[in-house]
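Inside the fold
Each chain, written out:
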Amino acid sequence: MCRMIIAIGEIEAKNLISDLVLMAQGLNTVHERNMNLGEFKHENGWGISYLDIKTNIWYTYKSLKPIYNDEKVHDFINLRTKAIVLHARKATKGEVSLENTQPINYHSNKGDFFFVHNGTIQDISMSEKHDVQGNSDTVQWFNKLLNKFNEKDEIFKDEIYSFDNYTGANFFLVTPKKIFIGQSYKKFPKYYSMKMLNENGNIIVSSEIPNTMKNRDWKDLDNGSILELDLKPKSIA
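What comes next concerns the included structure. (Residues numbered from 1 in each chain as written. Predicted model: local features only at pLDDT ≥ 70, side-chain atom pairs only at ≥ 80, totals over all residues. Heavy atoms only, no water.)

Let us now look at the overall build of the chain. When helices and strands are tallied, the chain shows three helices and 12 strands. Along the first, second and third principal axes, the C-alpha atoms of the chain reach 45 × 40 × 35 Å. Here the chain holds 237 residues, and 54% of them are scored as buried. For the chain, contacts bridging at least 24 residues in sequence account for 64% of all contacts bridging at least 6. Counting only carbon and sulfur atoms, one obtains 47% of the accessible surface of the chain, whose full area is about 10700 Å². Treating the 30 positive side-chain charges of the chain as one cloud and the 30 negative ones as another, the clouds have centres 2 Å apart. (Helix = DSSP H or I, 4+ residues; strand = E, 2+ residues; numbered from the N terminus. Buried < 20%, exposed > 50% of the residue type's maximum accessible area, 1.4 Å probe, protein only. Contact = heavy atoms within 4.5 Å. Areas by Shrake-Rupley, 256 points an atom, 1.4 Å probe, with all protein chains shown as cover. Lys, Arg positive; Asp, Glu negative; His and termini not counted. Charge placed at Lys NZ, Arg CZ, Asp CG, Glu CD.)

Further remarks concern helix 1 (residues 13–25). Helix length check: helix 1 (13 residues) gives 18 Å between terminal C-alpha atoms against 18 Å at 1.5 Å per residue, within 8%. Of all the positions in helix 1, only Ala 13, Leu 16, Ile 17, Asp 19, Leu 20, Val 21, Met 23 and Ala 24 are classed as buried. On the buried face of helix 1, the contacting elements are strand 1 (2–12), strand 4 (80–89) and strand 10 (202–206). Positive phi shows up at Gly 26, right after helix 1, with a value of about 75°. (Expected span 1.5 Å × (residues − 1).)

Strand pairing in a sheet relies on backbone hydrogen bonds. The paired strands run either parallel or antiparallel. Pairing within the open sheet is antiparallel, and its five strands lie in the order 5-6-7-8-12. Looking along the sheet, the strands with just one partner apiece sit at the ends: strand 5 (104–108) and strand 12 (226–229). Between one strand axis and the next, the sheet turns through 10° on average, direction left out of account. The sheet contact formed by strand 8 (residues 179–182) and strand 12 spans four bridges and is antiparallel. The residue of strand 12 that forms the bridge with Phe 180 is Glu 228. (Pairing = 2+ DSSP bridges. Axes fitted to C-alpha atoms, helices over the stretch in contact; angles between N-to-C directions.)

So, on to the packing of aromatic side chains. On inspection of all chains with the given rule, the structure shows 19 aromatic pairs. Centre to centre, the rings of Trp 141 and Phe 171 are 5.4 Å apart; their planes meet at 75°, and the pair counts as edge-to-face. With a gap of 30 residues between them, Trp 141 in helix 2 (residues 137–152) and Phe 171 in strand 7 (residues 170–174) connect regions that are remote in the sequence. With relative accessibility at 0%, the residue Phe 171 sits in the buried group. An aromatic cluster of three or more residues is present, and its members are Phe 115, Trp 141, Phe 142, Tyr 161, Phe 163, Tyr 166 and Phe 171. Just above the ring of Tyr 191 sits the side chain of Arg 3; from NZ or CZ to the centre is 4.0 Å. In this structure, Lys 90 is placed above the aromatic ring of Phe 40, and the distance from its NZ or CZ to the ring centre is 4.8 Å. (Phe/Tyr/Trp six-rings, centres within 6.5 Å; stacked < 30°, edge-to-face > 60°. Lys NZ or Arg CZ within 6 Å of the ring centre and 35° of its normal.)

Core analysis: the largest hydrophobic core is formed by 24 residues, its most contacted members being Leu 16, Ile 48, Ile 84, Leu 86 and Ile 204. Secondary-structure elements contributing two or more residues to this core are strand 1, helix 1, strand 2 (46–52) and strand 4. In terms of residue count, the dominant contributor to this core is helix 1 (seven residues). Among residues more than four places away in sequence, those in contact with Ile 204 are Ile 5, Ile 6, Ala 7, Leu 16, Lys 195, Met 196, Leu 197, Met 213 and Trp 218. (Core = buried A, V, L, I, M, F, W, Y, C linked by side-chain atoms within 4.5 Å.)

Residues Leu 27, Val 30 and Leu 37 make up a contiguous nonpolar surface patch of about 260 Å² in total accessible area. Relative to the elements of secondary structure, Val 30 occurs in the loop between helix 1 and strand 2. We classify Val 30 as partly exposed; its relative accessible area is 45%. (Patch = residues over 30% accessible without salt bridge, like charges linked within 9 Å, V, L, I, M, F, W, Y side chains within 5 Å. Salt bridge = Lys/Arg side-chain N within 4 Å of Asp/Glu carboxyl O.)

On to the environment of Glu 12. Tracing the backbone shows Glu 12 in strand 1. Along the sequence, Glu 12 and Glu 71 sit 59 residues apart, while their C-alpha atoms lie 19 Å from each other. Each residue touching Glu 12, except ones within four places of it in the same chain, is listed here: Leu 79 and Arg 80. A polar atom in the side chain of Glu 12 sits 2.6 Å from the side chain of Arg 80. (Polar contact = N/O pair within 3.5 Å; in protein donor to acceptor, adjacent residues only side chain to side chain.)

With that out of the way, let us pick up the pairing of strand 3 (residues 58–63). In this structure, strand 2 lies alongside strand 3, joined through six bridges in antiparallel fashion. Within strand 3, the residue paired with Ile 48 across the bridge is Tyr 61. From the end of strand 2 to the start of strand 3, which pair antiparallel, there are five residues, and Asn 56 there has a positive phi angle of about 60°.

This is the structure in structure tokens:
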């Protein structure tokens, strides 16, 4: 389980980071797992991946500390970027380790891949070929998607979900050419329903409406939907 945010466009990280801190503390909104503010925390580590605006290179930082207790978070406050992925973890499957902390990244001669997931998948196992180390359901899912990509240099929407027993399977998948954003859940609709803001050529998708942007025109993503974008955010399929 997690709280996660992805943003593409002309992005300033300051507000998004402060918003994720509130979400991780359970202080942003109430939902089925957080009936009272501050009751349900995402305390099992956090991570950030971002595309450097000058070098066009992806960078990642991950910590086992909760985002609200990590002094390193201040290193990213003034960050400006074209794309950013933020994740705060609540561990359900897999130990609390850097390997299982998200975003999970993989670099190959084809480019950079990043993956984050919110939910718990019960009926998924480790692929025989696994490029990414770790023992969480998220790592196992990511390895299966990487195997599909390596077979034909692309991933089709109808190949992403290959399991049936799960509470939630929301995800952000960044590939060298595309960004996939998917939402699928079987319980806790308030907790799992993601929100999207498409404004001035910038796109933000978040587990919750961020506190600093509550009065904007946010839309609920449909359950079972998968969006396909490129790093130029006006292109949505």
